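Below, each chain spelled out in residue letters.
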Amino acid sequence: MSLKIRLTRGGAKKRPYYRIVVADARSPRDGRFIEKIGAYDPMKAKDSPERVVLDLEKAKAWLAKGAQPTDRVLRFLDAAGVAKRPARNNPNKAVPGDKAKERAEKKAEKAAAPAEAAAE
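Every chain is numbered on its own, with residues counted from 1 as its sequence reads. In keeping with the predicted nature of the model, local features appear solely for residues at pLDDT of at least 70, side-chain atom pairs appear and are counted solely at 80 or more, and the whole-chain, interface and lining totals rest on all residues. Calculation of side-chain values draws on the structure's entire complement of heavy atoms; hydrogens and water are dropped beforehand.

Enquirer: So what about the environment of Gly-10? Which residues, and what values?
Expert: Secondary structure elements follow DSSP: runs of H or I of four or more residues count as helices, runs of E of two or more count as strands, with numbering from the N terminus. Following the sequence through the fold, Gly-10 ends up in strand E1 (residues 3–12). By relative accessible area, which is 24% here, Gly-10 ends up partly exposed. When the C-alpha positions of Gly-10 and Ala-80 are compared, they lie 23 Å apart, and in sequence the two are 70 residues distant. Contacts are assigned to residue pairs with any non-hydrogen atoms lying within 4.5 Å of each other. The residues touching Gly-10, leaving out its near neighbours within four places in the chain, are Arg-15, Pro-16 and Tyr-17. When a residue's accessible area, from a 1.4 Å probe over protein chains only, is under 20% of the maximum for its type it is buried; when over 50% it is exposed; and in between it is partly exposed.

This is the structure in structure tokens:
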């Protein structure tokens, strides 16, 4: 059984509130879980200590048992100093696509045409 440490959504519409839980990877997001180990309230200020409440001892125990945290939970654990989150680097993400390159070339040609006509 593969375990995940992940968020389950609660709260009202447009007012999210998340619980940090350990659950079987096959169970649905808001479905059955094994243990609740914390909470995350994105509506609170970023510097508020109540924004992320996490039982670090339980988190360490589940990580030792092989539970895999999701990316968002791994951010919380990294901020708490429990786990290390590797830096991500995708330099190709900022490169424009083929269509955008074509549009840029056409725009450059249109801008160069009046300048050439004025030079002649």
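Enquirer: Break down helix H2 (residues 71–80) for me, with residues and values.
Expert: Every buried residue belonging to H2 is among Val-73, Leu-74, Phe-76 and Leu-77, and all of these are buried. Projected onto a plane normal to the axis of H2, the buried residues spread over an arc of 155° and lie on a single side. Residues of H2 that are buried sit in contact with E1, strand E2 (15–24), strand E3 (35–40), strand E4 (52–54), helix H1 (56–64) and strand E5 (68–69). Positive backbone phi, at 85°, marks Gly-81, one or two positions downstream of H2. Arc definition: it is the arc formed by the directions from the helix axis to the C-beta atoms.

Enquirer: Tell me about the side chain of Ser-48, residues and numbers included.
Expert: With respect to the helices, strands and loops of the structure, Ser-48 is situated in the loop between E3 and E4. Throughout this description, a polar contact denotes any pair of N or O atoms lying within 3.5 Å of each other; where both atoms belong to protein, one of them has to be capable of donating a hydrogen while the other can accept it, and for residues adjacent in sequence the pair is counted only when both atoms sit in side chains. Side chain to side chain, Ser-48 and Glu-50 meet in a polar contact 3.2 Å long.

Enquirer: Give a description of the pattern of salt bridges that names residues and reports values.
Expert: Whenever Lys or Arg places a side-chain nitrogen within 4 Å of a carboxyl oxygen from Asp or Glu, that contact is recorded as a salt bridge. Applying the stated criterion across every chain yields a total of 7 salt bridges. Where Lys-58 meets Glu-35, a salt bridge forms, and the shortest distance between an N and an O atom there is 3.2 Å. Taken as a pair, Lys-58 in helix H1 and Glu-35 in strand E3 lie far apart in primary sequence, 23 residues in all. In this structure Lys-58 comes out as partly exposed when scored by relative accessible area, which is 33%.

Enquirer: Run through the sheet that holds E5, naming residues and quoting values.
Expert: The mixed open sheet is built from 5 strands, whose spatial order is E4-E3-E2-E1-E5. Lying at the two open borders of the sheet, with one neighbouring strand each, are E4 and E5. Where E1 lies against E2, 10 bridges are found, and the strand directions are antiparallel. Along E2, the bridge assignment pairs Ile-5 with Val-22. Only when DSSP finds a minimum of two bridges between them are two strands counted as paired.

Enquirer: Summarise the packing of aromatic side chains; cite the residues concerned and give the values.
Expert: Two rings from Phe, Tyr or Trp (for Trp, the six-membered ring) form a pair when their centres are within 6.5 Å of each other. A pair whose planes differ by under 30 degrees is stacked, one over 60 is edge-to-face, and the rest are tilted. Summed over all chains, the structure comprises 2 aromatic pairs. Ring plane angle 25° and centroid distance 5.9 Å describe the contact between Tyr-18 and Tyr-40, whose orientation is recorded as stacked. Highlighted residues: Tyr-18 in strand E2 and Tyr-40 in strand E3, separated in sequence by 22 residues. For the pair Tyr-40 and Phe-76, a centre-to-centre distance of 4.7 Å together with 50° between the ring planes defines the contact as tilted. Residue Tyr-40 is found in strand E3, and its partner Phe-76 is found in helix H2; the two are separated by 36 residues along the sequence.

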